[in-house]
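Okay, here's what each chain looks like letter by letter:
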Amino acid sequence: MSTSRTVLVTGGNRGIGYAIAERMIADGHRVAVTARSGEGPEGSLTVRAEMTDAASIDAAFTEIEARLGPVAVVVANAGITRDTLLLRMTEEEFTSVIDTNLTGTFRVVKRAAKGLLKGRFGRVILISSVVGLYGSPGQINYSSSKAALVGFARSLTRELGSRNITANVIAPGFIETDMTAALPDEQQQQYLSSIPAGRFGQVAEIAGAASFLAGDDAAYISGAVIPVDGGLGMGH
Ligand code: NDP
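Counting starts from 1 at the beginning of each chain's written sequence and moves along it residue by residue. Local features in a predicted model are, by the rule used here, given only for residues with pLDDT of at least 70; side-chain atom pairs are given and counted only at 80 or more, and totals for whole chains, interfaces and linings are based on all residues.

Some thoughts on unusual backbone geometry
For step 1, the next point in the chain: Residue Asn164 is not a glycine yet carries a positive backbone phi of 65°.
For step 2, the next point in the chain: A run of H or I in DSSP counts as a helix once it spans at least four residues, and a run of E counts as a strand once it spans at least two, with each numbered from the N terminus. In this structure, Asn164 sits in the loop between α5 (140–160) and β6 (165–172).
For step 3, the next point in the chain: Even without being a glycine, Met234 presents a positive backbone phi close to 50°.
For step 4, the next point in the chain: Mapped onto the fold, Met234 is located in the segment after β7 (225–228).
For step 5, the next point in the chain: Field definition: a residue is buried when 20 or more other C-beta atoms are found within 10 Å of its C-beta, exposed when 12 or fewer are, and partly exposed for counts in between, with C-beta atoms placed from the backbone. A count of 10 C-beta atoms within 10 Å places Met234 in the exposed class.

Structure representation (structure tokens):
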């Protein structure tokens, strides 16, 4: 059993974020989730936050700190896709995905950093994607935002690694959620045929990796990319 900490999961009202929050509660942590709509799992504190707005993220942290104490584990999970081929992609379709997935992560981790330093402990877990390093047609915006999280975590490791703060990336493969249900059947079948495990992943399998990274056994792991993809990315 790991030490009980205050954990924040962004986008914890559904999908992978919801499952991570559930698992962190089961692990004995105090858990807050951010959501624009809906609620996190039972036992969590839900606060409203918009990833493209630093002021709303600041307000969310202030509320969590007041109710659950300083945040020690940050799971930057909220993310969007706006898929289309490069030739059709508008600049707005590119920058809006970067703004949510990458700059949103920056806003959250920057707001968390002072508290992590003060608490002399921190676990930063960034939810990337197999396509960050594998590439994916129609996802120039999304894969760029997700690849950038690797540089983010590694630079953070170099900045804060000596302060008992780790930063790691989880790179999920094709996980059954609303995000992937929205993909055309043909694309889903194409992915399935290239996954060595022969099946799509479950949200609980991402939650398991997050639980490990947040726990005491992962203290010496930082700057790592942990693929949870049934072998799709071959260890990327
Ligand atoms: P979902 O689409 O099911 O959920 C996305 C979450 O992000 C929701 O909670 C959503 O909130 C939140 N969110 C999106 N935009 C914003 C914003 N601007 N401000 C605040 N919250 C926002 O996605 P998944 O659970 O499938 O994915 C979670 C993460 O995992 C994402 O980063 C995704 O890129 C990544 N991932 C998913 C994979 C998969 O196969 N599903 C594969 C690889 C990576 P709201 O409900 O209010 O919209």
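With respect to the site of the ligand
For step 1, the next point in the chain: Around the ligand, a shell composed of 26 residues is seen, among which Gly11, Gly15, Arg36, Gly79 and Thr177 lie nearest.
For step 2, the next point in the chain: At the level of elements, α1 (15–26) and α6 (178–181) are the ones that each hand at least two residues to the shell around the ligand.
For step 3, the next point in the chain: Three classes are used: nonpolar for Ala, Val, Leu, Ile, Met, Phe, Trp, Tyr, Cys and Pro, charged for Asp, Glu, Lys and Arg, and polar for all others, with Gly counted as polar. Classifying every residue of the shell around the ligand gives 10 nonpolar, 12 polar and four charged. Nearness here has a simple definition: the residue's C-beta atom, placed using the backbone, must lie within 6 Å of the molecule or strand.

Focus on the sheet that holds strand β4 (residues 73–76)
Strands pair in a sheet through their backbones, by hydrogen bonds, and they do so in one of two ways: parallel or antiparallel.
For step 1, the next point in the chain: DSSP-based pairing: two strands are paired if at least 2 bridges between them are found. Strand order across the open sheet formed by seven strands is β3-β2-β1-β4-β5-β6-β7, with parallel pairing between neighbours. Pairing within the sheet leaves two strands with one partner each, and these edge strands are β3 (45–48) and β7. Neighbour to neighbour, the strand axes of the sheet diverge by 20° on average, direction disregarded.
For step 2, the next point in the chain: Two elements, strand β1 (residues 6–9) and β4, share three bridges in a ladder whose sense is parallel. Each bridged residue has a counterpart across the sheet, and for Val9 the counterpart in β4 is Val75.
For step 3, the next point in the chain: Packed onto the sheet, helix α2 (residues 54–68) meets β1, β2 (30–35) and β3 and runs at close to 155° relative to β3. Helix axes use the C-alpha atoms of the stretch in contact, all axes being lines fitted to C-alpha atoms, and the angles between their N-to-C directions lie in the range 0 to 180 degrees. Here the contact rule is simple: place C-beta atoms from the backbone, and any two residues whose C-beta atoms are within 7 Å are in contact.

In short, the description is geometric, and any link to function would need to be established separately.
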